[in-house]
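Below are the chains, spelled out letter by letter.
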2 protein chains.
Amino acid sequence: MPDFTDTLQPSAIPTGPDILSKERANSNVPIDELATHLLSRNDFLNRQERVLRILEKEPLFNKSKQLNLSRPDRYRLGLARAKKLRRLADEYGWDAEDMGMSQYLCDDVSPYSKLISLVHYAMFVVTIQEQGSEEQKAYWMPKIDAMDVIGCYAQTELGHGSNVKGLECEARWDPKTKEFVLHSPYISSSKWWNGTMGRTANHAIVVAQLKVPKTADATEFVNYGPHPFVVQIRDLKTHEPLEGIAVGDIGPKYGYASMDNGYMLFDHFRIPHSAMLSNYSRIDPNTCTYSKPANPAVVYGSLTAVRASIIMHARLIIARAVTIGVRYTCVRRQFQDRDTKDKTSPELSVLDYPTVQIRILPLLATAFALHYTGDAMQKLYERTRAQITTGDFSKLAVLHAQSSGLKSLCTELAANSIETCRRAMGGHGFGGGSGFIQLNNDYLSKPTVEGDNWMITQQTASYMIKRMAAAVASKGKAEDELEQSCRDWLHDVGVNGDSGGKLSPLPILANDEAIVHAFQRRSRHLTHRAYLAREVEKQGWNSMQIQLRAISHAESEAILVTNFHLALKPAPHQDQAPEPLSPTLRSHLTTLFRLFALHTMDHSARDFFKAAAVSDSDLDQLPAKIQDLMTQIRPHAVRLVDSWKIPDFLLDSALGRYDGKVYEDLFNRAHRLNPLNEETFNPYYQSDEIVMGSGRDELKRILSKL
Amino acid sequence: MPDFTDTLQPSAIPTGPDILSKERANSNVPIDELATHLLSRNDFLNRQERVLRILEKEPLFNKSKQLNLSRPDRYRLGLARAKKLRRLADEYGWDAEDMGMSQYLCDDVSPYSKLISLVHYAMFVVTIQEQGSEEQKAYWMPKIDAMDVIGCYAQTELGHGSNVKGLECEARWDPKTKEFVLHSPYISSSKWWNGTMGRTANHAIVVAQLKVPKTADATEFVNYGPHPFVVQIRDLKTHEPLEGIAVGDIGPKYGYASMDNGYMLFDHFRIPHSAMLSNYSRIDPNTCTYSKPANPAVVYGSLTAVRASIIMHARLIIARAVTIGVRYTCVRRQFQDRDTKDKTSPELSVLDYPTVQIRILPLLATAFALHYTGDAMQKLYERTRAQITTGDFSKLAVLHAQSSGLKSLCTELAANSIETCRRAMGGHGFGGGSGFIQLNNDYLSKPTVEGDNWMITQQTASYMIKRMAAAVASKGKAEDELEQSCRDWLHDVGVNGDSGGKLSPLPILANDEAIVHAFQRRSRHLTHRAYLAREVEKQGWNSMQIQLRAISHAESEAILVTNFHLALKPAPHQDQAPEPLSPTLRSHLTTLFRLFALHTMDHSARDFFKAAAVSDSDLDQLPAKIQDLMTQIRPHAVRLVDSWKIPDFLLDSALGRYDGKVYEDLFNRAHRLNPLNEETFNPYYQSDEIVMGSGRDELKRILSKL
């Protein structure tokens, strides 16, 4: 409805678009070169452009009002979108990467999640491919490809997540009928969290304790531990759960509104012998003999690839948060400089305030830091894939061990980046126009899934302590790079590992190489202390947990800093992108490297001092140095975030729009796109009426939903 | 519908209820004594019990399914509940404190928010009472009490929040018609965020730039700055906006779903002379003469009371998060002890892991720390209220200046506590049964409203630097306690303020008094450095912002530690509760004090070393000491959180239930209370059908909402 607001403009001179144009004009960051440098893997940029064009035309993918939907409607929309994407894939002949891109841009955690998710439908397919016999694969894969079979992966239970050995769902072999009997003996044995299972799937991989009678007529059962079974769970026509199965959606969560994470219980539900995936392990249906699985070494390598993709995803999350943060804090102006004499001078962009810079610019640098480590992991995996599939993963061993710590640190950095940027944007950050609400709600799952971030640091720490122990023992040749690094450190500090001894602090303010060494030295120092506590003083493992996490994070930070530095080396280096960096770009990236490294160092300054890695006086200078680096980056912030090429369609943010029309967009969302404004309410407490003129109908309707 | 799941039990032995019973049996924390100690102000505990009984009976206040509602429905429910509460108040003769309690327990940010909110409807009333003339008060107050007038407070605009001087909405005095003309010249001058305004209010206090012609027939206007006007904005019968006003709800936000935060613009909207609140300032309608406001010193005192209540609220937020965190991490068991020899030993409660303790137990201690400072502020305010109303606030001056920093630190601690506890609870923390979703979504507004947490630390720092400058000048008697403390510090360190000189580190591990002094010494040290930078080296204010925030936080931490320690002093002390603490309780509180203080110290260890407050070797011992304190607190954690007496009705958490029936409740919410499970879906992508059997209807319905 037209009204007097239609002709109003924002007051600010310069306007948002003026400001961003000026920001872009005053920086020499080569956006296209940088974008290609960051995003050319798998033709990402062209693919994004191509798929974006298609999605933008479809009204179903319009995001601007979806925050108003109820959770059940959000699932319905998610399902409608998932179907549409699959049909578009048929129509345009999309490959798996295109499908992944379409889900990335759609930004729903899709009930199909076939191609980009690492855990749900994908796990269904991966498990059949890796653990199914040739016969089983031949049977299932065509049905899966046609999507007649819509599968989910049901491992986690209400009472057991990380501790897979403790799962309670059981599959007992019945030699008489030659069937397995799936059963959930307790509430806590209900499958839980499993994506796609709640409402969408008609099949599931069910991970259950395999229990087999000692002999064909024995009443005693042997438990062979958790094994995967393919199970039809719903009728293929009516889509109702099969008799003996209780299955449903677990209800609202922080995020994942469009995904039907499910629960499922079995009541003595019978499945045929063929249900058990038998590439590695099988039951002889006649003798009840169980054959053991071969060691699935393959998983070891592909997990590294999965972890690499988690890091690459995390960097895009940070880039997205920072894109919004940088653009809006340029457009937003508040207060004049307190020290200015000119009382008519314009208000400052809030990004000019150091207290805003210190929250956003180190995160900008962090997106780059994650990129180079994710990239290095992917390249290493690709180079050695041939060896890996044959079970030789010597090149990957260290990186794999370190990848738990990297998953922990990187998803933590990304999850926290969203809230940090939001708070830096003031009041409007709390509104729907921030573009942060769904992003935050969905991403907050990451620190606790696919290995709880605190728990998995023990794996990294355990490996590091072992390498340090080997280095102390120093028998023969070092087994891997990490052990060699421990040996070098032991040599430098002297045999007793007292780092106060022979080490001199590194000149971190003069020399980037020294920064890298300082991070490595600090990690070795902490590892050695943990080695002494565990191996020499025999401290209890659990009592060391906090220390173990610190080692893991220190090592992960060292890896991030090392890979970032390596990638910028002017000398040809095997890990470098084919195109050499232009001097301008290298110079900007070097500033970002220093900001990331020194800001990270400043947060653990005492560690670096204790490790004799950095002098006390250099540490004292870090805050000023960091502020100086931020001042160097500030003029280039807009073009640096532009280079990540996050489209407005994905951002869905009034504050982070490429064109800077922040206030127009916020007002449009409120005044023209808000369904709550379509009704007039009765505000008087004496009346039960909610919507003006509707009597008690609305109250009854709402009560029925409680 | 009954099914085979109805008879299932959780598997775990011991069960959740067994575990919590045992936890409670094995601790000697005197719950009732502690609850009275913490919560007797204004008869909180009895009031909570009394109001709770009433709300629990009303189906409208059932929370278990509300996360499923759409945002528009969430407002409708919020309005229905607000009305119901107001009717209950009439029925039961509730006073203002009872009303506040009912809103606290209902846990909606109510569209009425009359009594507990500090900003919305309350500001409407407070402004009329403080700034209205006697005549205006006599006219408005009866209408407000009867709720015929439903008001909101419209100050913040789309383009201006903290910088009130920059507001763009204007009220021009028209001497011909003797009216003010309210006008919003730009989109950015739209009022924005104002609670209750979007759909509920029929009146508003509009803060606008008062512009008055130089003389009655001049065309030139003088701007007298922002002033408040009472404006009717909607028709009292139809509730439609009046002609010349565009007003509505701003749309979905992180939280506050039940609150209609609004926008509003005026198109040359005329209001009478009587609309301007004229207790302090007025326009003579005949001469256009403007009379200046008296200095509203009263605000200065009441702001301290408001800040105290923000801290008291923050402590309850932390207590709530920690109650859920502690109970669930006791019930949840995962893995055996890695070092155990007994492979049949039960899995450990995750709260037995130091990596879980380090996230939850310091927060438990933090709730107590905030309590004693909020309490001290309230008591000081009450003791000196008489002086304050006469404009003499000498006693409060320091505390008031420090209150900005305290607001910043305490709301930050509380906001972060929720997410920290959530992540410590693993996967189920992400689910709706955590009880954290709405809590988090609503509370995350606090770090940026009522003074942005980063910005307002400048006020505290500015005051501290001034006191240090006065102490350095040392003329006559010190003006306040803070200056005296600065003088004492200067005396101790020697005239040049070089803290490396005469100070010896304090024995913090031997002596609690020493801990308090260490915090104060660190704050003085940082203040002095900032003083040198600003006053001697003449550094730019903005360039010092990060440092200023650090001072403010250091001082706030010192205040928290000081008040906590003071409250536990065995000697009779003026700030102590009337009932002396039992030795058992004092001992537990002392452990919590040490945990809070040393954990806080450990996070800024280098600061304390640099200030010569703590020795390097004592700092090295902090992690072990903290772990030891956590081991002492661990057996008492459940009874300590019980003492905060947060009812299950408020928690609305399957994980945090008092009785420990975690898995039963999670399953019940999923299987019996989830509306998404009431429909069967068509999952096949070839079809547009969403709900099985409904054809294209659902798709059309959803598209119409996008």
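Residues numbered from 1 in each chain as written. Chains lettered and ligands numbered in written order. Predicted model: local features only at pLDDT ≥ 70, side-chain atom pairs only at ≥ 80, totals over all residues. Heavy atoms only, no water.

Considerations on the overall build of chain A
Thinking step 1. A tally of regular secondary structure across chain A gives 23 helices and 11 strands.
Thinking step 2. Since a compact globule built from 706 residues should have a radius of gyration of about 27 Å, the 28 Å found for chain A is in line with a globular shape.
Thinking step 3. By principal-axis analysis of the C-alpha atoms, chain A measures approximately 95 × 85 × 55 Å.
Thinking step 4. Classification of the 706 residues of chain A by burial places 62% in the buried group. (Helix = DSSP H or I, 4+ residues; strand = E, 2+ residues; numbered from the N terminus. Rg over C-alpha atoms; globule rule 2.2 N^0.38 Å. Buried < 20%, exposed > 50% of the residue type's maximum accessible area, 1.4 Å probe, protein only.)

Quick word on the relation of the copies chain A and chain B
The relation between the two copies of this chain is a rotation about an axis and a shift parallel to it.
Thinking step 1. Once turned by 180 degrees and shifted 0.0 Å along the axis, chain A lies on chain B with an RMSD of 0.0 Å. Viewed as a symmetry operation, the transformation between the two copies matches a two-fold axis. Scanning chain A for the C-alpha nearest the rotation axis identifies S70 of chain A, at a separation of 1.8 Å.
Thinking step 2. Both copies present the same face, since 99% of the interface residues in chain A are matched by interface residues at the equivalent positions in chain B. (Least-squares fit on C-alpha atoms with pLDDT ≥ 70 in both. Contact = heavy atoms within 4.5 Å.)

A word on helix 7 (residues 134–145) of chain A
Residues and elements named next belong to chain A.
Thinking step 1. An ideal rise of 1.5 Å per residue puts 16 Å on 12 residues; helix 7 measures up with 16 Å between its terminal C-alpha atoms.
Thinking step 2. Buried within helix 7 we find Q136, W140, M141 and I144. Seen end-on, helix 7 carries its buried residues on one side only, within an arc spanning 110 degrees. Turned more than 90 degrees off the buried face of helix 7, the exposed positions are E134, E135 and A138. (Expected span 1.5 Å × (residues − 1). Arc of directions from axis to C-beta.)

Looking at the sheet that holds strand 4 (residues 191–194) of chain A
Residue and element names in this part refer to chain A.
Thinking step 1. Read across the sheet, three strands follow the order 4-8-7 without closing on themselves; strand pairing throughout is antiparallel. Every other strand in the sheet has two partners, leaving strand 4 and strand 7 (245–249) as the edge strands with one partner each. Sheet twist, expressed as the mean angle between neighbouring strand axes with direction ignored, is 15 degrees. (Pairing = 2+ DSSP bridges. Axes fitted to C-alpha atoms, helices over the stretch in contact; angles between N-to-C directions.)

Concerning the nonpolar core
Thinking step 1. If you look at the biggest cluster of nonpolar residues, it comprises 272 residues, and the most contacted ones within it are F368 and M601 of chain A together with F368 and M601 of chain B.
Thinking step 2. In this view, F368 of chain A contacts L34, L38, F564, L589, L592, L640 and W644 of chain A; residues no more than four positions away in its chain are not counted. (Core = buried A, V, L, I, M, F, W, Y, C linked by side-chain atoms within 4.5 Å.)

What about the interface of chain A and chain B?
Thinking step 1. Each side of the interface is counted separately: chain A has 156 residues, and chain B has 156 residues.
Thinking step 2. A combined buried area of about 13,800 Å² lies between chain A and chain B, and 59% of that area is made up of carbon and sulfur atoms.
Thinking step 3. The largest per-residue losses of area from chain A upon contact with chain B belong to Y254, F430 and Y685 of chain A, which jointly make up 7% of the total buried on that side.
Thinking step 4. Where chain A touches chain B, the interface holds 18 salt bridges.
Thinking step 5. The partner of R87 of chain A in a salt bridge is D688 of chain B, and the shortest N-O contact between them spans 2.7 Å.
Thinking step 6. The interface formed by chain A and chain B contains 75 residue pairs in polar contact (both at pLDDT 80 or more).
Thinking step 7. With 13 residues, the single largest contributor to the side of chain A that touches chain B is helix 4 (residues 71–92) of chain A.
Thinking step 8. For the side of chain A that touches chain B, a count of residues per class yields 67 nonpolar, 49 polar and 40 charged. (Buried area = accessible area lost by both parts, 1.4 Å probe. Salt bridge = Lys/Arg side-chain N within 4 Å of Asp/Glu carboxyl O. Polar contact = N/O pair within 3.5 Å; in protein donor to acceptor, adjacent residues only side chain to side chain. Nonpolar A, V, L, I, M, F, W, Y, C, P; charged D, E, K, R; others polar.)

Topic: the domain arrangement of chain A
Residues and elements named next belong to chain A.
Thinking step 1. Each assigned domain of chain A is listed here: domain 1 (29–116), domain 2 (152–292), domain 3 (300–444 + 661–673) and domain 4 (454–573 + 580–642).
Thinking step 2. Computed over C-alpha atoms only, the centres of domain 1 and domain 3 are separated by 19 Å.
Thinking step 3. Taken together, the 16 residues of domain 1 in the interface contact 16 residues of domain 3.
Thinking step 4. Along the contact surface separating domain 1 from domain 3 lie three salt bridges. (Domains from an automatic or database assignment.)

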